[in-house]
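# Per-entry structural report
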Protein chains: 2
Amino acid sequence: MITTCTVERYSSDPSCGARHRRRERVDALTLSPVGVGDVSKRILLGRKLRSAQLGETLLPKRIALPVFASDALSSVAYAPDEVFIMLAIAGASAYVWSWKIAIAVALVMAAVIASYRQTVHAYPSGGGDYEVATVNLGRTAGTTVASALLIDYVLTVAVSISSGAQYAAAAIPAFLDHEVIVAVVMVVLLTAMNLRGIRESGSFFAVPTYLFMFAILGMCLYAFIQMATGTLPDVESASLEIAADEGWEQPLTTIGLLFLLARAFSSGCAALTGVEAISNGVPAFQRPKSKNAATTLLLLGMIAITMMVSVIVLARQMGLKYVDPHDIHKLTRNGEALPEDYDQHTVIAQIARAVFIDFSPGFYFVVTVTGVILVLAANTAFNGFPVLGSILAKDGYAPRALGSRGDRLAYSNGIVFLAVLAIAFIVAFGAETTKLIQLYIVGVFVSFNLSQLGMIRHWTRALASERDPAERRRMFNARAINAIGLTFTAVVLVVVLITKFLAGAWITILAMGFFFVVMRGIKGHYNSVEIELAADETDKALPTRVHALVLVSKLHKPTLRALAFAKATRPNSLEGVYVSVDNAETARLMEEWDERNLGVPLKVLHSPYREVVKPIVEYASAIRGANPRSVVAVYIPEYVVGRWWEQLLHNQTALRLKGRLLFTPGVMVTSVPYQLRSSQLAREREEREEARVRPGDLRRGRTEDKDRQVQ
Amino acid sequence: MITTCTVERYSSDPSCGARHRRRERVDALTLSPVGVGDVSKRILLGRKLRSAQLGETLLPKRIALPVFASDALSSVAYAPDEVFIMLAIAGASAYVWSWKIAIAVALVMAAVIASYRQTVHAYPSGGGDYEVATVNLGRTAGTTVASALLIDYVLTVAVSISSGAQYAAAAIPAFLDHEVIVAVVMVVLLTAMNLRGIRESGSFFAVPTYLFMFAILGMCLYAFIQMATGTLPDVESASLEIAADEGWEQPLTTIGLLFLLARAFSSGCAALTGVEAISNGVPAFQRPKSKNAATTLLLLGMIAITMMVSVIVLARQMGLKYVDPHDIHKLTRNGEALPEDYDQHTVIAQIARAVFIDFSPGFYFVVTVTGVILVLAANTAFNGFPVLGSILAKDGYAPRALGSRGDRLAYSNGIVFLAVLAIAFIVAFGAETTKLIQLYIVGVFVSFNLSQLGMIRHWTRALASERDPAERRRMFNARAINAIGLTFTAVVLVVVLITKFLAGAWITILAMGFFFVVMRGIKGHYNSVEIELAADETDKALPTRVHALVLVSKLHKPTLRALAFAKATRPNSLEGVYVSVDNAETARLMEEWDERNLGVPLKVLHSPYREVVKPIVEYASAIRGANPRSVVAVYIPEYVVGRWWEQLLHNQTALRLKGRLLFTPGVMVTSVPYQLRSSQLAREREEREEARVRPGDLRRGRTEDKDRQVQ
């Protein structure tokens, strides 16, 4: 834990005052610097004690599944709806294709899941698509994936919450037609929770996710039993007809049909969003990490496919008619328009209402857990966003502060940024899931594609050096799986681009371009700074003299402490510096200075115009100018207070002075803090803040106290 | 300029490396500390050179008059209107009293001017009413005056700008009925100008103020000539009748009449607002300061009285009928109501229109300069507010940062605070001068009264020790003048309180109470901090050891510089401290560290959860804990960048670390800045900012470059 490279020891021999310099090369393990050895042990011990509390809490599969699955599973709440909406363009007759589209989506999902199982084995570090693309395809591909993921997180929030608002409206009629406000309020609440530091624990995810699985799978099972016994009821919209869109009334041409199916299929692929989450969370799994992650992924895929296919098949069997909420007029009953106040409920809500016609708690249960899982899915974006931010920060694509844990400000800014963008999308698109979906899928499939391509390159490279036939066979197979995955996702991406570009995908691509440019700009800036800062041999020159100035405003404890600290550093010259704005006060201070016999000269700088900062900066620069090889050390006594309004009353001038002195070459600024009693408040606040959970902690396998450990 | 009290010299003898301590008592004039002597001279010289530029530019009377008079003179633009509005309550017949009220107000003004002439002689330092009250009546009275002045500045802005908006509407019909928006926009513009740093020069005031005097006095002179020749025209409202308010139609009882006259008189006293300004500006006058200030005050009084009496007499002669704009329905023509779109113009506008009936440029000239002078009057509040703030800050009643010149943030906050309050008043009272006047006068007269009372106390004290009969006679006279002044202002204050309390004065009193409590709270806080910080003998103990830690994030120039600076301070122990979050990177750094042979050990703190701040704070506390008499010096290399977005990309962790280390006792934090090329931008920006004029500079006799010097 503690490594000592070289030690240079300065020791003052008190008997004669002579100064020795001894340079010694020491073993890294045997010595710590003088006087710190005992401390090192203490810290080691302290750390050891703490590690029980602060250790990694690795997730077993049964907890990891809900933690990472809520996003992927929740898409079953809106993906079937989108399939039916798209098919409805050609009228209800096109619904015959619904189960075939479900199968196609399921196939793509199976291929993607199989691909990601390769990824979690090959890249167990949790870098996910971004890492795969960066390592195998280069930084441009990596940045592209990162841009796609950033916009994905925003749209995950927007889509999930918009869909959640629809479910809320299904259960609570008062919310109908106020979905935008409901959605915005939900995002604001989520943001507040995440800013506050939500306790994201295993059970926080496990309970609602398992309840959701139980609700949907249970409902489907019950419905299939009814179907087998011939008692499957119709949904409320079964008696309606759908008028085809203009131009779609005629029997479809082959091209027309293909385009229709392509649109429905690409909308259905919304079901795939979120399956990549596990590839970012491998480090949080119990050992063997990769194997467990791959198994969980398989489970997730099976459950998601089952749910989606079941819902679509059941909806079709139960006679569902579902159109874009904007085109509600296309629904007619016996050729007549529906009443003005007709509310079209989501597919799952309609199925639940029909299946549980005699048991309304069943309906409310299904709708409620679906709403909850959608909010949970949105929350995963709040957790994933900082994780991605910290990875990008480490690579220099995001402000570096995002990279260190516990930078409250950086985290908060990220969360607020995410929330503001999500709210902007929700408001701009009227909280309509259907419209937002058009934007959503593009980003997801861009990263799928680049990730699969990266994996193929990965295996090809690995094969180049691998000689073991069994291992080579395994790699060949893996590459084949990824190639199949790529084929499927590439087809989907092309279909999505063709069918969705004008419907909103262009916005996503524009936003990705924006993020791409900003990330490149940040990287470029860091690079140029690095070049400017690169160490060369000229920087080893040691300053010859240290001139210490202690800022004096009054002769009180903080000043005396600063003087004592400055003296302790034994500078070549030491002065108190006082800016005089009032003669009487200056005379008083000088008298007191003399009386106290401090043994330090006091320099009085007269400033008739009550400027404080400028005279000091000029004096420091002048000293430095006269001795260019010296360094001027300015000691500023500071009060440390605890309340925000106390901050306004103190240290403002010190703060400004420090800001100005930073621009003065050869000057270093030392704050000598003096803790006032009220500072205890702020200290305790800081400590509480530090102990707080940060979004994304859990999915990095990091928990901080025992009661959150999951066994 | 530079005073050296005591010198304690540390000199290292290089030949034997022995350390001597010599303590010597030196003459304040002959010695500066070692190695700084030459610098001191240079600074002295530098100062001398600069003083030609940065010197005081004292104002001759002809410039001082417009600088300080705009507020007082501008009240002639609304005070007569208020007199007529109040008299109109009893119908136009009450207008016979108008010139008597004008005389009464003129008398009070004469008495107040005479009183303030005493003040400028006795208190030439520019403290004004606040200083007089504090010195003679104690801190409670002083704080009360300060509260009154604070609310006065707010209302000066609100009243002047509201009245200005009325004049703007008289000249530009499009502004009619949009006075609130016009007024708010004007306040926002003024605020922006003052935030930006408006060049408040003598000519800035002189031109419009003299034009205003010329316009009003010229107009009145011309009108009086017309009157003498019997050709004085009637104003536009001469043909109207005024319906008396309910309950005022009958011939008035004596009490009723007295009450009416009292209300009109107290409204007319709005003409007195602003006369105290000169007493705050004595230091800006050319020598002999007090005498010149007193003469200027006399001039101001004579001009203001002449203007006000002339306007009221003329208005009466020209048959003006003027009512509260809210009660416009009380105006009738031949018993019939006026058309819906009738606009009542201000008194001066009506006179100007009538007098210059054949010469419309004359009308527009009068109205325009009146509008300009009102904006100028509002601007004086923006200039006076920071001056008052700095005086209060010096006494501990306001945040201390307000006390040092050039604290942009503090100044800006003050200006924004003033503007926000003024806008609140303007909006709350619909930009109606009449309503705002009710609030205005109370504050003004509270400070008048306390100031006169303080002056009487001042002379009484002075008489107690004065023996020279001539001087005693002079003091007796001065006291008599102040006593007369007090009598008059006390009567006005009582009248104002009785007649205006429910009409709005209570709001002023409430606001004064609020400011009073806040200022007392700030003072109390500073006092308790001062007690907590008072130096005692225990603070002289010198730390025995200095443990220096240099924060290492990379091995680049800033780190090398920080290491060099830290080494130059020759601490008892010196270590580089590196927080390791990534093993590969750590290994690379350690290798480079070894290669460079820096002669400083590197301590690596492992932080698997990417926390940076916490391990360092814990390590520093642990070192200090092990050696309680030592001090830990933490050196933080900092990049200095120039653009705001670069700030976001750098130093965020350093900033947070510094914040946290301030709470750790026995630790001092040293920033070692490394100026990147782009920092030049920020430096230039800072210098531009410093060179900028601050509101209130001129009235403190302070200008910064030659072209603004007024001869």
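Residues numbered from 1 in each chain as written. Chains lettered and ligands numbered in written order. Predicted model: local features only at pLDDT ≥ 70, side-chain atom pairs only at ≥ 80, totals over all residues. Heavy atoms only, no water.

## Observations regarding the overall build of chain A
When its secondary structure is counted, chain A shows 22 helices and 10 strands. Sequence-distant contacts, at least 24 apart, represent 82% of the contacts inside chain A between residues at least 6 apart. Just so you have it, chain A exposes about 27,800 Å², and 62% of that area is on carbon and sulfur atoms. (Helix = DSSP H or I, 4+ residues; strand = E, 2+ residues; numbered from the N terminus. Contact = heavy atoms within 4.5 Å. Areas by Shrake-Rupley, 256 points an atom, 1.4 Å probe, with all protein chains shown as cover.)

## Thoughts on helix 19 (residues 613-626) of chain B
Counted at 1.5 Å a residue, the expected span for helix 19 of chain B with its 14 residues is 20 Å, and the 20 Å between its end C-alpha atoms agrees. The set of residues buried in helix 19 of chain B consists of V613(B), K614(B), P615(B), I616(B), V617(B), Y619(B), A620(B), A622(B) and I623(B). (Expected span 1.5 Å × (residues − 1). Buried < 20%, exposed > 50% of the residue type's maximum accessible area, 1.4 Å probe, protein only.)

## Describing the sheet that holds strand 5 (residues 336-337) of chain A
Residues and elements named next belong to chain A. Within the open sheet, the three strands sit side by side as 3-4-5. Their pairing is antiparallel. Each of the sheet's edge strands pairs with one partner strand only, and the pair in question is strand 3 (241-242) and strand 5. As judged from the two bridges shared by strand 3 and strand 4 (residues 331-333), these two strands associate in the antiparallel manner. Of the residues in strand 4, the one forming a bridge with E241 is T332. (Pairing = 2+ DSSP bridges.)

## Re the pairing of strand 7 (residues 573-580) of chain A
Residue and element names in this part refer to chain A. Counting buried positions along strand 7 yields eight of eight residues, so the element is predominantly enclosed. Burial of strand 7 is two-sided: the residues S573, E575, V577 and V579 facing one way and the residues L574, G576, Y578 and S580 facing the other way are all buried. Note: strand 6 (residues 545-552) against strand 7, six bridges, orientation parallel. Looking at the pairing, L549 lines up with E575 of strand 7. Tracing the backbone out of strand 6, into helix 17 (residues 557-568) and back to the parallel element strand 7 gives a crossover that is right-handed. (Right-handed = clockwise from strand over helix to strand, strands pointing away.)

## Some remarks on the domain arrangement of chain A
The domain boundaries assigned to chain A delineate domain 1 (61-525) and domain 2 (545-691). Each of domain 1 of chain A and domain 2 of chain A has a C-alpha centre, and these two points are 58 Å apart. (Domains from an automatic or database assignment.)

## Section: the pattern of salt bridges
Counted by the stated rule, this structure contains 14 salt bridges over all chains. Put simply, E530(A) and K554(B) hold a salt bridge, and the shortest N to O gap is 3.8 Å. Highlighted residues: E530(A) in helix 16 (residues 469-533) and K554(B) in the loop between strand 6 (546-552) and helix 17 (557-568), drawn from two different chains. Between E532(B) and R677(A) there is a salt bridge whose closest N-O contact spans 3.6 Å. Remark: R677(A) occurs in the loop between strand 10 (667-675) and helix 22 (679-691) and E532(B) occurs in helix 16 (residues 469-533); the pair is interchain, linking two chains. With a relative accessible area of 16%, E532(B) lands in the buried category. (Salt bridge = Lys/Arg side-chain N within 4 Å of Asp/Glu carboxyl O.)

## Thoughts on the packing of helix 6 (residues 139-171) of chain B against helix 13 (residues 360-394) of chain B
All names here are of chain B. As a packed pair, helix 6 and helix 13 sit with axes 9 Å apart at the nearest point and diverge in direction by 160°. What the angle tells us is that helix 6 and helix 13 run roughly antiparallel. The element helix 6 and its partner helix 13 pack so that their crossing is left-handed. By residue class, the composition of the contact of helix 6 with helix 13 is 21 nonpolar, seven polar and no charged. (Axes fitted to C-alpha atoms, helices over the stretch in contact; angles between N-to-C directions. Parallel < 35°, antiparallel > 145°, perpendicular 65-115°, else oblique. Left-handed = near helix turned anticlockwise from the far one by under 90°. Nonpolar A, V, L, I, M, F, W, Y, C, P; charged D, E, K, R; others polar.)

## So, the packing of aromatic side chains
For the structure on display, the rule yields 26 aromatic pairs over all chains. Relative to F285(A), the ring of F68(A) has its centre 5.7 Å away and its plane inclined at 15°; by these criteria the two rings are stacked. With F68(A) in helix 2 (residues 61-74) and F285(A) in the loop between helix 10 (277-280) and helix 11 (289-317), this pair connects stretches of sequence that are 217 residues apart. F285(A) sits in the buried class, given a relative accessible area of 0%. Look at F363(B) and Y364(B): their rings are 5.0 Å apart centre to centre, the planes differ by 70°, and that puts the pair in the edge-to-face class. On the basis of relative accessible area, F363(B) is assigned to the buried category, the value being 3%. Among the aromatic residues, those joined into a ring-pair cluster are Y153(A), F385(A), F417(A), F514(A) and F515(A). Positioned above the aromatic ring of Y526(A) is the side chain of R400(A), whose terminal nitrogen or guanidinium carbon lies 3.9 Å from the ring centre. (Phe/Tyr/Trp six-rings, centres within 6.5 Å; stacked < 30°, edge-to-face > 60°. Lys NZ or Arg CZ within 6 Å of the ring centre and 35° of its normal.)

## Things to note about the sheet that holds strand 8 (residues 602-606) of chain B
The 10 strands are arranged 8(A)-7(A)-6(A)-9(A)-10(A)-10(B)-9(B)-6(B)-7(B)-8(B) in an open sheet whose pairing can be described as mixed. Looking at which strands have only one partner, the edges of the open sheet turn out to be strand 8 (602-606) of chain A together with strand 8 of chain B. Taking each pair of neighbouring strands and ignoring which way they run, the sheet shows an average axis angle of 30°. Two strands pair when backbone bridges link them, and strand 6 of chain A and strand 9 (residues 630-640) of chain A are joined in this way by six bridges, in the parallel orientation. Looking at strand 9 of chain A, one finds that V550(A) is bridged to Y635(A). The sheet strands contacting helix 19 of chain B are strand 6, strand 7 (573-580), strand 8, strand 9 (631-640) and strand 10 (667-675) of chain B, and the helix crosses strand 7 of chain B at an angle near 150°.

## Section: the side chain of Q452(A)
Residues and elements named next belong to chain A. Here Q452 shows up in helix 15 (residues 433-465). Classification of Q452 as buried rests on a relative accessible area of 0%. A distance of 3.0 Å separates polar atoms of two side chains, one belonging to Q452 and the other to S115. A distance of 3.2 Å separates the side chain of Q452 from the side chain of N482, its partner in a polar contact. In contact with Q452, other than residues within four places in its own chain, are S115, Y116, N482, G485, L486 and T489. (Polar contact = N/O pair within 3.5 Å; in protein donor to acceptor, adjacent residues only side chain to side chain.)

## Re the packing of helix 19 (residues 613-626) of chain A against helix 21 (residues 652-661) of chain A
All names here are of chain A. Two elements in contact, helix 19 and helix 21, have axes whose closest approach is 10 Å; the angle formed by their N-to-C orientations is 35°. Every pair of crossing elements has a handedness; the one defined by helix 19 and helix 21 is right-handed. Seen from helix 19, the contacting residues are V613, I616, V617 and A620; seen from helix 21, they are T653, R656, L657, R660 and L661. Partitioning the contact of helix 19 with helix 21 into residue classes produces six nonpolar, one polar and two charged.

## A look at helix 7 (residues 179-196) of chain B
Given a rise of 1.5 Å per residue, 18 residues ought to cover 26 Å, and the 25 Å separating the end C-alpha atoms of helix 7 of chain B matches this to within 8%. Residues of helix 7 of chain B that are buried: E179(B), V182(B), A183(B), V184(B), M186(B), V187(B), L190(B), T191(B) and N194(B).

## Concerning the side chain of S75(B)
Residue and element names in this part refer to chain B. With respect to the secondary-structure elements, S75 resides in the loop between helix 2 (61-74) and helix 3 (79-87). Residue classification places S75 among the buried positions, given a relative accessible area of 0%. Ignoring sequence-local partners within four residues, the contact set of S75 consists of P80, A270, A271 and T273.

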